[in-house]
Amino acid sequence: MAILILIVFAYVIGSVPSGYLLGKLAGVDVRSVGSGNIGATNVARALGKGRGVVTLLADAAKGYLPVFLALRLEFSATAIALIAIAAFLGHLYPLFLNFHGGKGVATALGGLLALAPTATLVLIAVFAVAVLASRIVSLGAIAAALAAPVVLWFFSQSAVIVAMGVFLGAMVILRHRGNIQRLLAGTEPRLGAH
C-alpha cells in the first residue's frame, strides 16, 4: 500500500508544471513562445536564465524527492524504478495541463541523482561535453539519454534499474523527435542564438 501511495504521489508531484507556473507569475504562457515546451531551456529563452535555472531545479526536485523517499523506506529496486518512472511520466503527461507536458530530462535527472549519484554525474558530464562541443542543448539531452542505460550498467546497477534507464532514455529521445528533425536539417537553435 505504501508503494502505491508513493507511486501516486510521484506522479502528482511530477505533474506540477514548474516552468508553466513561473511563466504565469511573469505574465507569460511559455507554451505559446519559443519551442512551446514547459522545460528549463524554453523558460530560459522566454523569461531569462534565472527563471530557467529555477525551472531546472524544480523539475529535478520532482524526480529526486519521491525516489529519495523510496530509498529511505528501503523499497525494492522494482518499486523504486516504478516510482521514478511515475514522477517522470507526471512531467511528460501532467494532470494539471491536460496531459501535455515537457520532455522529462530534468525530472529523469533528479530521479537518477537520488538513485545513482555517481552514474548521474557521468551523465551530466556527457550532457555538458555534447553541449559545449555543439552549443545545442537538445543534442546534450539526446546524448545523455543514449548513454544512461550503459552508464547505469557500468556502475553495477541492477537489471531493473538498467531497464528503467532504457525506458527513460527512449522516452526522452522520443520527446525530442522534433529536435532530431531540426538537427538533421541543420536548423536546431544553438545557445546564444536568437
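Everything in this summary refers to the structure shown in the same document. (Residues numbered from 1 in each chain as written. Predicted model: local features only at pLDDT ≥ 70, side-chain atom pairs only at ≥ 80, totals over all residues. Heavy atoms only, no water.)

With that out of the way, let us pick up the overall build of the chain. Looking only at helices and strands, the chain features 10 helices and zero strands. Secondary structure elements of the chain occur, N-terminal to C-terminal, as α-α-α-α-α-α-α-α-α-α. Expected size for 194 residues packed as a compact globule is a radius of gyration near 16 Å; at 16 Å, the chain falls within 12% of this value. Projected onto the principal axes, the alpha-carbon positions of the chain cover approximately 45 × 35 × 25 Å. Within the chain, buried positions represent 44% of all 194 residues. (Helix = DSSP H or I, 4+ residues; strand = E, 2+ residues; numbered from the N terminus. Rg over C-alpha atoms; globule rule 2.2 N^0.38 Å. Buried < 20%, exposed > 50% of the residue type's maximum accessible area, 1.4 Å probe, protein only.)

Right, let's talk about the pattern of salt bridges for a bit. Inspection of every chain in the model, using the stated rule, returns three salt bridges. For Asp 29, the salt bridge is made with Arg 31, and the minimal N-O distance between the two is 3.0 Å. When the shortest N-O distance is used, the salt bridge between Arg 182 and Glu 188 registers 2.7 Å. Under the relative-accessibility criterion, Glu 188 is labelled buried at 10%. (Salt bridge = Lys/Arg side-chain N within 4 Å of Asp/Glu carboxyl O.)

Turning our eyes to something else, we now look at the nonpolar core. Judged by nonpolar contacts, the single largest core of 33 residues is most densely connected at Phe 75, Phe 88, Leu 152 and Met 164. Elements supplying a minimum of two residues to this core: helix H1 (2-15), helix H4 (49-72), helix H5 (77-92), helix H6 (105-115), helix H7 (117-134), helix H8 (137-154) and helix H9 (159-175). By residue number, the principal contributor to this core is H5, which donates 10 residues. Ignoring any residue separated from it by four or fewer positions in sequence, one finds Phe 75 in contact with Ala 2, Ile 3, Leu 6, Ala 70, Ile 80 and Ile 83. Residues Val 30, Ile 38, Val 43 and Leu 97 belong to the second largest nonpolar core, which totals six residues. (Core = buried A, V, L, I, M, F, W, Y, C linked by side-chain atoms within 4.5 Å. Contact = heavy atoms within 4.5 Å.)

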